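Per-entry structural report
Chain by chain, the residues:
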Amino acid sequence: MGLTLSWLSIIILIPLAGLFVKSLELSPEQFWAIISSRRTLNALRVSFGLAFAAACVNLVMGSIIVWALVRYRFPGRRIFDAIVDVPFALPTAVAGVALTALFAEKGWLGAPLAALGIKVAFTPVGIFVAMIFIGIPFVVRTVQPVLQDLDPEIEEAAGSLGASRWQTIIRVILPSLAPALLTGLALAFARAVGEYGSVIFIAGNLPNVSEIAPLLIVIRLSEFRYADATAIAVVMLVVSFVIIFAVNRLQRWAQSRIPAR
Amino acid sequence: MTIEVKNLVKKFGSFKALDGVDLKVNDGELLALLGPSGSGKTTLLRIIAGLDWPDSGDVAFNGEDALAQGARERHVGFVFQHYALFRHMTVFENVAFGLRVQPRAVRKDEAAIRARVKELLDLVQLDWLADRYPSQLSGGQRQRIALARALAIEPRILLLDEPFGALDAKVRKELRRWLRSLHHEINVTSIFVTHDQEEALEVANRVVVMDKGRIEQIGSPDDVYETPATAFVHGFIGESIELPIQVEGGVIRLGDQPLALAADGLAPGASKLFVRRHDMLVGPPGSGTFEGAVQHVRNFGPVQRAEVALSGGETIEIDAPRDRELRAGDTIGLNPRRYRIYAGA
């Protein structure tokens, strides 16, 4: 217990406290001026908005992938199962370079998309794509074990009671998976908000358009405006915390409807 | 509702789970499918429910082809061995599930659903648990809720797959009696699968004994116990002594010893002699069909179970009343009060 608390404090709480202390060097007016500047607000909006959108896409697509991996036996299933972990393991810069090459105007996917008038690389769409890429394993890996534990008999029971396939999914399967789905969503979101390496390559980093908050922090640091950087960091921290807390509550509520076995 | 199964075959890979099964279930009957694991009894039940499909053969409900319908259309109540309750729903919602998923045109209104669920919970005597979750119930309670849930849709047939298999012995006995009286009350054609002979004989009107994907015998509990049709049934139901014998020229031999048993009408060749343990009567040495030396004796309430080495070399177990105490080392004569002989080794 004592060890756990001291370790948590050293690893997590003390650095966070340091961040707050550093931002106290600013007066409230200065702090407000920094975070309410157009560039900061836009960077935060890009980071959180796209991260949330990407997490939602991952939630849906991740669920479908999990379903296929758990419920179907097909050749190469193990390989696909391993591939899911690639975004975990790949250095984020490598992912960024790969995605940029792929989606650049002359890239494999970028060229046909450009012909359709869709520009991915060096736009917010590129950030979105990168965030989906790095977030997908979080959903898959949190939901997979829970779905594996879900007894196929409960689907048969629902069917023999007259439920259609759709009713079975909506009323039986999804509620049983809800806590795991929410956890996966939260993790994918948190990862996307904090993502730096893969995003900056593909983003184009145009202030107010495709500049993410973590990048703005780095820019401020390189300009030796440490207080500005910490102010933005504090805002990110607080917003992230609020969102994670909300998801946690939601998850607790979902879990309370499925008491422990 | 009658059920008719004709020449059903089902294979899993090279394993024949069902190998040509024919069965007729009468309206309102409570039928037991009894057999060891791997005998195909659960597969047969799942095919009747529409949860599995046969490779060939027919299933008809009241003369109507049931294989043309999926599980959803068949209107069959199914109770699973491990309950398969919905963990995220209260007991009340579990029971109401079948009513809530009905097509809008025939769905009952909320008040009617509530009334029906209440009625069912009363029927299984668990109305006080309506707001609990399945994880808060005991095994016996869960199975009763699973039964109430299956009955909610007013099934034409009730199918139970090892319904008491996961419960402890005492609860199992209670629920057996309860299921019997419940069936008496609702009178739905019911089939239950079990590997427990006592359960089958105690609960069912008729018992179907299965082995290796085939039906060995269909009959009343008395029939299958008193007049087993095959060596398998005799060995599976009740405690039996099994001895390999030879029938030759009107004489029965055990090893090289002729036995003083009538061989009339028996086909010559290797056969098996079956005697119930308690039908082997103990007498003084030299008085019986068999001679043997008592090896061990253990007492089970009203009977003593003795391991006896026969002079022919086989060792058998007999159940004798305790009016005459047996001791290890005693030499005794044994006389079968009743016995059956089945041709084939």
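Procedures and definitions
- Residues numbered from 1 in each chain as written.
- Chains lettered and ligands numbered in written order.
- Predicted model: local features only at pLDDT ≥ 70, side-chain atom pairs only at ≥ 80, totals over all residues.
- Helix = DSSP H or I, 4+ residues; strand = E, 2+ residues; numbered from the N terminus.
- Buried ≥ 20, exposed ≤ 12 C-beta atoms within 10 Å, placed from the backbone.
- Contact = placed C-beta atoms within 7 Å.
- Nonpolar A, V, L, I, M, F, W, Y, C, P; charged D, E, K, R; others polar.
- Pairing = 2+ DSSP bridges.
- Core = buried A, V, L, I, M, F, W, Y, C linked by C-beta atoms within 7 Å.
- Axes fitted to C-alpha atoms, helices over the stretch in contact; angles between N-to-C directions.
- Parallel < 35°, antiparallel > 145°, perpendicular 65-115°, else oblique.
- Left-handed = near helix turned anticlockwise from the far one by under 90°.
- pLDDT = per-residue confidence, 0-100.
- Expected span 1.5 Å × (residues − 1).
- Arc of directions from axis to C-beta.

Once that is clear, we can look at the overall build of chain B. Each helix and strand in chain B was counted, giving nine helices and 20 strands. Across its three principal directions, the C-alpha atoms of chain B cover 80 × 45 × 35 Å. When the 345 residues of chain B are sorted by exposure, 40% land in the buried category. When contacts within chain B are restricted to residue pairs at least 6 apart in sequence, long-range pairs at least 24 apart make up 65% of them.

Next up on the list: the overall build of chain A. The helix and strand inventory of chain A stands at 13 helices and zero strands. Each helix (α) and strand (β) of chain A, taken in turn from the N terminus, gives the series α-α-α-α-α-α-α-α-α-α-α-α-α. Structurally, chain A occupies a C-alpha span of about 65 × 55 × 30 Å along its principal axes. Each of the 261 residues in chain A was classed as buried or not, and the buried ones make up 35%. For chain A, contacts bridging at least 24 residues in sequence account for 79% of all contacts bridging at least 6.

With 20 residues of chain A at the interface, the matching set in chain B holds 21 residues. Among the elements of the structure, α9 (152-160) and α10 (165-194) of chain A are those that each provide at least two residues to the side of chain A that touches chain B. The residue makeup of the side of chain A that touches chain B, split by class, is nine nonpolar, six polar and five charged.

This part takes up the environment of E105 of chain A. Residue and element names in this part refer to chain A. Tracing the backbone shows E105 in the loop between α6 (92-103) and α7 (110-115). Residues E105 and V84, 21 residues apart in the sequence, show an inter-C-alpha distance of 27 Å. Among all residues touching E105, those that are not within four sequence positions of it are G110, A111 and A114.

With that settled, the discussion passes to the pairing of strand β17 (residues 303-310) of chain B. Residue and element names in this part refer to chain B. Strand direction decides the pairing type here: strand β16 (residues 290-300) and β17, joined by eight bridges, are antiparallel. Residue pairing across strands places R298 opposite R305, the latter belonging to β17. Between β16 and the antiparallel strand that follows it, β17, lie two residues; G301 among them carries a positive phi value of about 55 degrees. Summarising the sheet, β17 and strand β18 (residues 315-321) pair through seven bridges and their orientation is antiparallel. Across the sheet, A306 pairs through a bridge with I318, a residue of β18.

Further remarks concern the nonpolar core. Counting 102 residues, the largest nonpolar core has A32, V95 and L159 of chain B as the members making the most contacts within it. The element best represented in this core is helix α5 (residues 139-152) of chain B, accounting for seven residues. In contact with L159 of chain B, other than residues within four places in its own chain, are L45, I48, A49, V76, G77, F78 and I191 of chain B. Judged by nonpolar contacts, the second largest core, of 54 residues, contains L99, L177, V199 and A213 of chain A.

So, on to the packing of helix α3 (residues 91-100) of chain B against α5 of chain B. All names here are of chain B. Taken N-terminus to C-terminus, the directions of α3 and α5 make an angle of 25 degrees; their axes are 7 Å apart at the nearest point. Relative to α5, the element α3 is oriented roughly parallel. In the crossing of α3 with α5, the sense of the turn from one axis to the other is right-handed. Facing α3, whose interface residues are V91, N94, V95, F97, G98 and L99, α5 presents I145, A148, R149 and A152.

All names here are of chain B. The strand order across the open sheet formed by five strands is β13-β12-β11-β14-β20, and the pairing between neighbours is antiparallel. Taken across any chain shown, the strands that pair with only one partner, and hence form the sheet edges, are β13 (257-259) and β20 (340-343). The mean inter-strand angle of the sheet, taken between neighbouring strand axes irrespective of direction, is 40 degrees. Both strand β11 (residues 240-248) and strand β14 (residues 269-276) contribute to a ladder of eight bridges, which runs antiparallel.

Once that is clear, we can look at the sheet that holds β18 of chain B. All names here are of chain B. Strand order in this open sheet of five strands is β15-β19-β16-β17-β18, and the pairing throughout is antiparallel. The open sheet has two edge strands, β15 (280-283) and β18, and neither has a second partner. Averaged over all pairs of adjacent strands, the angle between strand axes in this sheet comes to 45 degrees, irrespective of strand direction.

Another point: the confidence of the model for chain B. In the predicted model, chain B carries a mean pLDDT of 89, and 100% of its residues have values of at least 70. Both scores are given for the predicted complex: the pTM is 0.79, the ipTM 0.80.

Turning our eyes to something else, we now look at the confidence of the model for chain A. For chain A, the mean per-residue pLDDT works out to 85, and 98% of the residues sit at or above 70. Mean pLDDT across the elements of chain A bottoms out in α7 of chain A (81) and peaks in helix α3 (residues 38-71) of chain A (91).

All names here are of chain B. Non-glycine residue N62 carries a positive phi angle of around 50 degrees. You can call N62 exposed: it has 12 C-beta atoms within 10 Å. One non-glycine residue, H75, lies in positive phi territory at about 65 degrees. Within the secondary structure, H75 sits in the loop between α2 (71-74) and β6 (76-79).

Moving on to α3 of chain B. Residue and element names in this part refer to chain B. Of all 10 residues in α3, eight are buried, a share of seventy percent or more. Every buried residue belonging to α3 is among V91, F92, N94, V95, A96, F97, G98 and L99, and all of these are buried. At its buried positions, α3 is contacted by α4 (110-123) and α5.

All names here are of chain B. Taking 1.5 Å as the rise per residue, α4 with 14 residues should run 20 Å; its terminal C-alpha atoms sit 20 Å apart, in good agreement. Of all the positions in α4, only V117, L120 and L121 are classed as buried. Along the long axis of α4, the arc covered by the buried residues comes to 100 degrees, so they all point the same way. Away from the buried face of α4 by more than 90 degrees, exposed residues A111, A112, A115 and D122 are located. In this fold, the buried residues of α4 make contact with α3 and α5. The first or second residue beyond α4 is Q125, which carries a positive phi of 60 degrees.

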